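Now for the letters of each chain:
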Amino acid sequence: MKDMMRHTLLLLAFICTAILPQAALHAQQPGQTEQPQAAHAQLTPQQRQLFDYCFLEAERQKQKNELSAAYHLFDYCLHIDSTSAAVWNELSFLYIYIKENDKALHAMKKAVECAPDDFWLRMNLAKFHMASRDTENAIREMENIARLFPEKIEAQMTLIALYEQTNRFDKVIETLDTLEEKRGTSPETSIEKAKAYIYLQQPGKAADEIRKLAELYPEETDYRILLGNILMDTDEEEAVKIYREVLQSDPDNEVALYNIALYHKHAGQTELYNRECDSILANSKISTAFKSEMMKSFFPDWQADKDTLKMIYRFDLALGADEREDDAMIYMLYASFLLQIDKAAEAMPVMEKALEIDPQQTPARLQLISLYAQRNDAANITRLCEDGVRLHPDMFQFYFYLGISYYQQERIDEAIATCEKAKSTFTSDIRTEAISELLGMLGDLYHQKGDDGKAFENYDLALEYDSDNYLVLNNYAYFLSLKETELERAAGMAKKAVDANPDNGTYADTYAWILFLQKNYGLAKEYIDKAMLDESCKTSDVLEHAGDIYIMNNDKEQALEYWRQAAEQDSDNKTLQKKIKRKKYIRQ
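Residues numbered from 1 in each chain as written. Predicted model: local features only at pLDDT ≥ 70, side-chain atom pairs only at ≥ 80, totals over all residues. Heavy atoms only, no water.

Caption draft 1: Examining the environment of Ala214 more closely. Among the secondary structure elements, Ala214 is positioned in helix H11 (residues 203–216). C-alpha separation for the pair Ala214 and Leu438, spaced 224 residues apart in sequence, amounts to 61 Å. Every residue in contact with Ala214, bar those within four places of it in the chain, is listed here: Tyr223 and Arg224. (Helix = DSSP H or I, 4+ residues; strand = E, 2+ residues; numbered from the N terminus. Contact = heavy atoms within 4.5 Å.)

Written out as structure tokens, the structure is:
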């Protein structure tokens, strides 16, 4: 019966959420603020006049946000009348504002001491304890308030909430009993008592509370459903009888239908349970949100029996009956299931449907971007990211992927603009590696535009976020070498990159070329040989570097071989042709 107990607690929480705000009707309304009544010592007329002037001037300074002046004026008021609850109260708020919590607490206690019969001063103190997570003192103060002001229902409800937080459900029931003695039975008190009895593992008493509501409000099916849920732990036959009575007047009541199905499952009537579940899923009058919860409940059975076809059939039933198409979550749930069974292609249109229903479905958008990236589908990545940036202008991820997509499409200006906008979204909860990657990409983009000043500026920033960004270290080092500037720094960056990635031919070539420029030809040859082991990096530039390095190591035959291979890929390179013809290195 664990399923039934879970549904009982969920439904209790739902009904409480719907009903408890009614209690606020008895609470103080906006515009009806009760100011604390100040308790003054015996003052002379002159002292009274000075006190009133200083207090009002302090209030005026506070309204002008001149808090220091307000503080000194309130403090002066205390020199005139140290028993003024109103002054202590004002000081407490100033202390809270400047985060002097110990002083704030002292001021609140003094305010209560000066005006012990003031409800709002005591509430301020209790709420301060609550905000400070000092639950024991909050409870102690709320108990005092409930005793002194029994007519204040908001104090009673706050006390109940505190008891619930600390699992003192016997105290919850005791307080609710007191409320009922004064105000009579109400839905909110009966439901709270039933919830407390359930936590105390007294389902019989919980059922008695809900039965009273069901009798008082026979037209409210929720109370009868809740009663049935509770009775499933003690009297299954009576519970099912109640569900069937509900269905006579409300044949599409989703909770009653599903709980009867669960009853059959617990009774071992699996075939009947499956048939009833399928009937609920195919019923167009059942909410899609409820069907989503049902589908979630089927996952443990699927993980046990791996009956994938049955799960797909049930999703198709639920979606086929979804005439409203107003709930994206069931589509997300289906897509998640399809991804679990390695059917990404089938999941993608389902996620697209979820986004069509609810464009704010960020997980679906990010998942689709990832799947389209695996297929190199730049058009769809761009579409999803452009919409993502429009809907979530503060979300880094969409700028990141949009920048990459523009870059891959050689839309350089748009890529730069997107990456620059992304800078405004940097927050502490974003991985520094991701920020570094974006800044590194921005550096590459600026280099392509011929603006090495901005390129190097962004590379420096990228390395501040991630000093081990090896792609940035390599590119920065190589572009410095092309300008033949800061070669010592370039060598250090290139060596760090290649040491961490010894099989990366591109990184080895960068370091070899910088060593060549530093005239360290022997070590340059060691690293260009490593680069030549990586077939993927044998481009005309790298092959030409290899020839240059070999010629400076007095190996003309191998140098010519590398130059010729480079010339096959770059026949328009006139400097390369001169090297081959003259059989010597020629500086470009």
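Caption draft 2: Region of interest: helix H24 (residues 432–448). When the terminal C-alpha atoms of H24 are compared, their 24 Å separation across 17 residues agrees well with the 24 Å that a helix rising 1.5 Å per residue should span. For H24, the tally of buried residues reaches 12 of 17 residues, placing the bulk of the element in the interior. Taken together, the buried positions of H24 are occupied by Ala434, Ile435, Ser436, Leu438, Leu439, Gly440, Met441, Leu442, Gly443, Asp444, Leu445 and Tyr446. In this structure, the buried side of H24 is in contact with helix H22 (396–408), helix H23 (412–422), helix H25 (452–465) and helix H26 (470–482). Of the residues flanking the end of H24, it is Gly450, one or two places downstream, whose phi is positive at about 85 degrees. (Expected span 1.5 Å × (residues − 1). Buried < 20%, exposed > 50% of the residue type's maximum accessible area, 1.4 Å probe, protein only.)

Caption draft 3: Spatial organisation of the packing of aromatic side chains. Scanning the entire structure with this criterion turns up 27 aromatic pairs. Ring geometry for Phe315 and Phe337: centres 5.9 Å apart, planes at 35 degrees, overall tilted. Placement of Phe315 in helix H17 (residues 308–320) and of Phe337 in helix H18 (residues 328–340) is noted, with a sequence separation of 22 residues between them. Each member of the pair, Phe315 as well as Phe337, carries the same accessibility label: buried. Measuring from ring centre to ring centre gives 6.2 Å for Tyr478 and Phe479, while their planes differ by 55 degrees; the resulting arrangement is tilted. Accessibility expressed as a relative area gives 17% for Tyr478, which makes it buried. (Phe/Tyr/Trp six-rings, centres within 6.5 Å; stacked < 30°, edge-to-face > 60°.)

Caption draft 4: Geometry of the environment of Ala155. In this fold, Ala155 is placed in helix H8 (residues 153–165). Given the relative accessible area of 0%, Ala155 is considered buried. Ala155 sits 58 residues away from Tyr97 along the chain, and the two C-alpha atoms are 25 Å apart.

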